[in-house]
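Take a look at the letters that make up each chain.
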There are 2 protein chains.
Amino acid sequence: MAERRRRKRLNDRLSMLRSIVPKISKMDRTSILGDTIDYMKELLERIGKLQEEEMEEGTNQINLLGISKELKPNEVMVRNSPKFDVERRDLDTRISICCATKPGLLLSTVNTLEALGLEIHQCVISSFNDFSMQASCSEAEEQRNCMNLEEIKQALFRNAGYGGKCL
Amino acid sequence: MAERRRRKRLNDRLSMLRSIVPKISKMDRTSILGDTIDYMKELLERIGKLQEEEMEEGTNQINLLGISKELKPNEVMVRNSPKFDVERRDLDTRISICCATKPGLLLSTVNTLEALGLEIHQCVISSFNDFSMQASCSEAEEQRNCMNLEEIKQALFRNAGYGGKCL
DNA sequence: TGCGACACGTGAGCC
DNA sequence: TGGCTCACGTGTCGC
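Residues numbered from 1 in each chain as written. Chains lettered and ligands numbered in written order. Predicted model: local features only at pLDDT ≥ 70, side-chain atom pairs only at ≥ 80, totals over all residues. Heavy atoms only, no water.

### What about the packing of aromatic side chains?
Residues and elements named next belong to chain A. Heads up, the condition is: Within 6.5 Å between ring centres, the rings of Phe, Tyr and Trp (the latter by its six-membered ring) count as paired, and their orientation is classed by plane angle as stacked under 30 degrees, edge-to-face over 60, tilted in between. Under the DSSP-based scheme used, a helix requires at least four consecutive residues in state H or I and a strand at least two consecutive residues in state E, with every element numbered from the N terminus. The buried label goes to any residue with under 20% of its type's maximum accessible area, the exposed label to any with over 50%, and the partly exposed label to all in between, with areas taken from a 1.4 Å probe on protein chains only.
On inspection of all chains with the given rule, the structure shows 6 aromatic pairs over all chains. Between Phe84 and Phe157, the aromatic rings sit 5.1 Å apart at their centres with planes inclined by 85°, giving edge-to-face as the arrangement. With Phe84 in strand β1 (residues 83–88) and Phe157 in helix α5 (residues 149–159), this pair connects stretches of sequence that are 73 residues apart. A relative accessible area of 3% means that Phe84 is categorised as buried. Here Phe157 and Tyr162 contribute two aromatic rings whose centre-to-centre distance is 5.1 Å and whose plane-to-plane angle is 20°, an arrangement assigned as stacked. Overall, the relative accessible area of 5% leaves Phe157 in the buried class. According to the relative accessible area criterion, Tyr162 is partly exposed, its value standing at 23%.

This is the structure in structure tokens:
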């Protein structure tokens, strides 16, 4: 009587579950519940990964804007010291500059790079507080062989108004 | 006997389900299944939203790099025509350029901006295919009043090697 | 013949 | 008290 209706409700829910869960190994009652559990765990895992990616995307955007604060606590004191990094990859040469800003610094830096035979392909600049520039350049093969990284570094360093040797 | 073990298995799965699903209205068997269904739907919805956001983030990054393809089909023919936009906001002046690239274009563009009294604060550049530049500049108050957007636009236009009037 | 899964009816416990 | 949920034992069907 009433028990009959109760059983029907329960079976209805069970078939709803079976219709939602994609992976159904057997039509078995226990298997349905087991597959449901597995599927839910899988969904939770996917959500975790997606949220993680979302976080990374956020920090990536910040880095793209060149506002990367380099938050490692033990580097706080070094943060404001000028940084001139030049790195050669397979296809391009990466320039990374962070130093005190001054009028015309961007112009003279671009000028220096062009003079050095470095053609800027992609570049992100920020000069709100410090002057920051991340550039990806192409460099003629001959050039790569005759000029070393330290020379480029020195040229950028001098251009930014720092007299002596680079760090 | 055997039926007893079978029932136990089913009940175990049921309590596993109850331990995973956070929203438990009643300890009721039917309610547990119902809540499980609701929770799974909620998870699916969240996954859908996260993936949607992921897509948007992707296109945002592309836009940040200035490679925005402006994919509206009816604008395909316009895509390669040069674009020089200048826009004044409250605090800054936004420059958006997309045109054919040529050697030294970045240098001369930066030069032109400086000559116009525009100080670049943030800037993203790409010159893989077309030359693309999105810049956020500051401009002296006096300057804002005496030079209009069209003049800046024309200067950039001429600098990029286009002779006549801008679009 | 046994084994596993299911539905059924029933009694117990709980508001 | 009636209404409910659950566990139990049992009968049935299919492999």
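### Observations regarding the pattern of salt bridges
Side-chain pairs of opposite charge can arise whenever the charged atoms involved come near each other. Put simply, the rule reads: For this document, the term salt bridge refers to a Lys or Arg side-chain nitrogen within 4 Å of an Asp or Glu carboxyl oxygen.
The final tally for this structure, using the stated rule, is 12 salt bridges over all chains. Here B:Asp12 ties to B:Lys8 by a salt bridge, and the two come within 3.3 Å at their closest N and O atoms. Of the two residues, B:Asp12 and B:Lys8 are both situated in helix α1 (residues 2–20); the distance of 4 residues between them amounts to about one turn of the helix. Owing to a relative accessible area of 53%, B:Lys8 belongs among the exposed residues under this scheme. Taken together, the salt bridges that share partners define one network made up of A:Glu3, A:Arg6 and A:Arg7.

### Some points on the nonpolar core
In plain terms, the rule: Joining through side-chain atoms within 4.5 Å is the link that ties buried Ala, Val, Leu, Ile, Met, Phe, Trp, Tyr and Cys residues into a set, and such a set is a nonpolar core. Any two residues whose heavy atoms approach within 4.5 Å are treated as being in contact.
Counting 50 residues, the largest nonpolar core has A:Ile95, A:Met133, B:Ile95 and B:Met133 as its most contacted members. Beyond its immediate sequence surroundings of up to four residues, B:Met133 is in contact with B:Ile95, B:Ser96, B:Ile97, B:Thr109, B:Leu113, B:Ile120, B:Cys123, B:Val124 and B:Ile125. Residues A:Val21, A:Leu43, A:Ile47 and B:Leu50 belong to the second largest nonpolar core, which totals 12 residues.

### Remarks on the interface of chain A and chain B
How we decide: Defined in terms of a 1.4 Å probe, buried area is the accessible area two parts forfeit on being brought together, summed over both. The term polar contact refers here to a pair of N or O atoms within 3.5 Å; inside protein, the definition further demands a hydrogen-donor-capable atom paired with an acceptor-capable atom, and it admits residues adjacent in sequence only when both atoms are side-chain atoms. Following the grouping adopted for this structure description, the nonpolar residues are Ala, Val, Leu, Ile, Met, Phe, Trp, Tyr, Cys and Pro, the charged ones are Asp, Glu, Lys and Arg, and the polar ones are all others, Gly among them.
Taken together, the contact pairs 48 residues of chain A with 47 residues of chain B. When chain A packs against chain B, close to 4800 Å² is buried across both sides, 69% of that on carbon and sulfur atoms. Linking chain A with chain B are 8 residue pairs in polar contact (both at pLDDT 80 or more). For the side of chain A that touches chain B, a count of residues per class yields 25 nonpolar, 13 polar and 10 charged.

### Here's the deal with the protein's contact with DNA strand C
Formally: Any residue with at least one heavy atom within 4 Å of a molecule or strand is counted as near it.
Around DNA strand C, the structure places A:Glu3, A:Arg4, A:Arg7, A:Asn11, A:Asp28, A:Arg29, B:Glu3, B:Arg6 and B:Arg9. A:Arg4 is positioned such that a nitrogen or oxygen atom in its side chain is 3.3 Å from a phosphate oxygen of DNA strand C. At 3.0 Å, a side-chain N or O of B:Arg9 approaches a phosphate oxygen of DNA strand C. Counting residues per element, the surface near DNA strand C draws most heavily on helix α1 (residues 2–20) of chain A, which supplies 4 residues. Across the surface near DNA strand C, the residue classes break down as no nonpolar, 1 polar and 8 charged.

### Focus on the confidence of the model for chain A
Note the following rule: Residue-level confidence of the predictor is what pLDDT reports, using numbers from 0 through 100.
Averaged over chain A, the pLDDT score is 81; the fraction of residues at 70 or greater is 83%. In this model, residues 66–79 of chain A is a region of pLDDT below 50 whose contacts with residues beyond four sequence positions or in other chains number 12 contacts.

### A closer look at the protein's contact with DNA strand D
DNA strand D sits among A:Glu3, A:Arg6, A:Arg9, B:Glu3, B:Arg4, B:Arg7, B:Asn11, B:Asp28 and B:Arg29. A breakdown of the atoms of DNA strand D within 4 Å of the protein gives sugar and phosphate a share of 62%. Listing elements by their share of the surface near DNA strand D, those giving two or more residues are α1 of chain A together with α1 of chain B. If you tally residues by element for the surface near DNA strand D, the top one is α1(B), at 4 residues. In the surface near DNA strand D, the residues fall into no nonpolar, 1 polar and 8 charged.

### Let's talk about the sheet that holds strand β3 (residues 118–126) of chain B
Put simply, the test is: A pair of strands is labelled paired if DSSP reports no fewer than 2 bridges between them. Here, axes are lines fitted to C-alpha atoms. For helices the fit covers the stretch in contact, and angles between N-to-C directions go from 0 to 180 degrees.
Strands sit in the order β1(A)-β2(A)-β4(A)-β3(A)-β3(B)-β4(B)-β2(B)-β1(B) across an open sheet of 8 strands; the sheet is antiparallel. Taken across any chain shown, the strands that pair with only one partner, and hence form the sheet edges, are β1 of chain A together with β1 (83–88) of chain B. On average, each strand axis in the sheet is inclined to that of its neighbour by 20°, with strand direction left out of account. As judged from the 6 bridges shared by β1(A) and strand β2 (residues 93–99) of chain A, these two strands associate in the antiparallel manner. Among the inter-strand pairings, A:Asp85 is bridged to a residue of β2(A), identified as A:Ser96. With respect to the sheet, helix α3 (residues 105–115) of chain A is in contact with β2, β3 (118–126) and β4 (131–139) of chain A together with β3 of chain B, its orientation differing from that of β4(A) by roughly 20°. Of the strands in this sheet, β1, β2 (93–99), β3 and β4 (131–139) of chain B are in contact with helix α5 (residues 149–159) of chain B, which crosses β1(B) at around 150°.

### Things to note about the packing of α3(A) against helix α3 (residues 105–115) of chain B
Operational definition: Small angles under 35 degrees read as roughly parallel and large ones over 145 as roughly antiparallel, with 65 to 115 read as roughly perpendicular and the rest as oblique. The sense of a crossing depends on the near helix, which, turned anticlockwise from the far helix by less than a right angle, makes the crossing left-handed and, turned clockwise, makes it right-handed.
Contact pair α3(A) / α3(B): the axes reach a minimum separation of 9 Å and the direction vectors enclose 160°. Our classification of the angle between α3(A) and α3(B) gives roughly antiparallel. Our pair here, α3(A) against α3(B), has a crossing hand that is left-handed. Note on element contacts: α3(B) touches α3(A) through B:Leu106, B:Leu107, B:Val110, B:Asn111 and B:Glu114, opposite A:Leu106, A:Leu107, A:Val110, A:Asn111 and A:Glu114.

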